[in-house]
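Working through the structure, step by step
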Amino acid sequence: MQLIQETPDLSAYLAADEAIDHYHPLVRDAAARLAAGVADSYEYARAAFEFVRDGIPHSQDSGDLRVTWRASDVLERRTGICYAKAHALAALLRAEDIPTALCYQNLGVLHGLVAVRFNGAWHRQDPRGNKPGVDARFSLDGERLAFTPDPASNEMDYPVLYAAPHPVVLNALRAASDRPHLWRTLPTAL
């Protein structure tokens, strides 16, 4: 699949916003801790990915009813669904000047992930969190995502790389009083 940048300006994929709040002290502290143990930006990106994938449980898997959407809230509360975990990973990567986009799959409902830019190309990564039947890995040598869309079921990958979270995703997260409410109102398309 050919990934398409929403904007040609790479600096947009380094910017902070309300959800990707990489200026926040919690994000900065986490980024500094992760950066201290690695030799280069590639190792940092892998460490950040594994930290979010493994260190922040997906709220559906853990049974956590709280809804987070800001990167700093995800890091503070240690919970989030796919969108929130993608926001946290994007903030950690952008905090270390690694261009990071948000991207989506339609799996009956929208699923959120990120793409990182290395060596002049975008590489999608899925920090959702592994569980039986889900084995996402950080890779620049081919995708190792949590899910593969089934075209026969009208599932699909959206090719657009967004600099900021899509409004339908943010609106759903902000409006949800808890995860059961969010599950009833998850977006089904961009």
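Summary of the structure given here. Just so it is clear, the structure is predicted and the values come from calculations on it, not from any experiment.

This paragraph deals with helix H6 (residues 167-175). Inspection of H6 places Val169, Leu170, Ala172 and Leu173 among the buried residues, and these make up the whole buried set. End-on, the buried residues of H6 take up no more than an arc of 165°, which puts them together on one face. Turning to H6, the residues buried within the fold contact helix H5 (82-95), strand S2 (100-106), strand S3 (110-118) and helix H7 (179-185).

This part covers the sheet that holds S3. The strand order across the open sheet formed by 4 strands is S4-S3-S2-S5, and the pairing between neighbours is antiparallel. Two strands in the sheet have a free side with no partner beyond their single neighbour: strand S4 (121-125) and strand S5 (156-157). By the bridge criterion, 7 bridges tie S2 to S3 in an arrangement that is antiparallel. Bridging across to S3, glutamine 105 finds its partner in histidine 111.

This part takes up the pairing of S3. S3 sits mainly inside the fold: 8 of its 9 residues count as buried. Following S2, the chain reverses through 3 residues before pairing antiparallel with S3; glycine 108 in that reversal takes a positive phi of roughly 100°. Here 5 bridges tie S3 to S4, and the two strands are oriented antiparallel to one another. Considered in S4, the bridge of alanine 115 is made with arginine 124. Counted along the chain from S3 to the antiparallel partner S4, the turn is 2 residues long, and its residue asparagine 119 has a positive phi close to 55°.

Enumeration over the complete set of coordinates arrives at 11 salt bridges. Among the ionic pairs, glutamate 18 bridges to arginine 70, the shortest N-O distance being 3.1 Å. Of this pair, glutamate 18 sits in the loop between strand S1 (4-5) and helix H1 (25-36) while arginine 70 is found in the loop between helix H3 (59-62) and helix H4 (71-77), placing the two residues 52 residues apart along the sequence. Since its relative accessible area comes to 40%, glutamate 18 is described here as partly exposed. Residue arginine 70 is classed as partly exposed on the basis of its relative accessible area of 25%. Beyond isolated ion pairs, a larger network of salt bridges with shared partners links Glu18, Arg70, Asp73 and Arg174.

Here we take up the packing of aromatic side chains. Taken as a whole and assessed by the stated rule, the structure comprises 5 aromatic pairs. Aromatic pair phenylalanine 49 and phenylalanine 138: ring centres 5.8 Å apart, planes at 55°, arrangement tilted. Separated by 89 residues along the polypeptide, phenylalanine 49 in helix H2 (residues 41-55) and phenylalanine 138 in the loop between S4 and S5 bring together distant segments of the chain. The residues phenylalanine 49 and phenylalanine 138 share a single accessibility class, namely buried. What links up through ring pairs into an aromatic cluster is the set Tyr42, Phe49, Phe118 and Phe138.

So, how was this worked out
- Residues numbered from 1 in each chain as written.
- Predicted model: local features only at pLDDT ≥ 70, side-chain atom pairs only at ≥ 80, totals over all residues.
- Heavy atoms only, no water.
- Buried < 20%, exposed > 50% of the residue type's maximum accessible area, 1.4 Å probe, protein only.
- Helix = DSSP H or I, 4+ residues; strand = E, 2+ residues; numbered from the N terminus.
- Arc of directions from axis to C-beta.
- Contact = heavy atoms within 4.5 Å.
- Pairing = 2+ DSSP bridges.
- Salt bridge = Lys/Arg side-chain N within 4 Å of Asp/Glu carboxyl O.
- Phe/Tyr/Trp six-rings, centres within 6.5 Å; stacked < 30°, edge-to-face > 60°.

Read these as layout, nothing more, since geometry by itself doesn't imply function.
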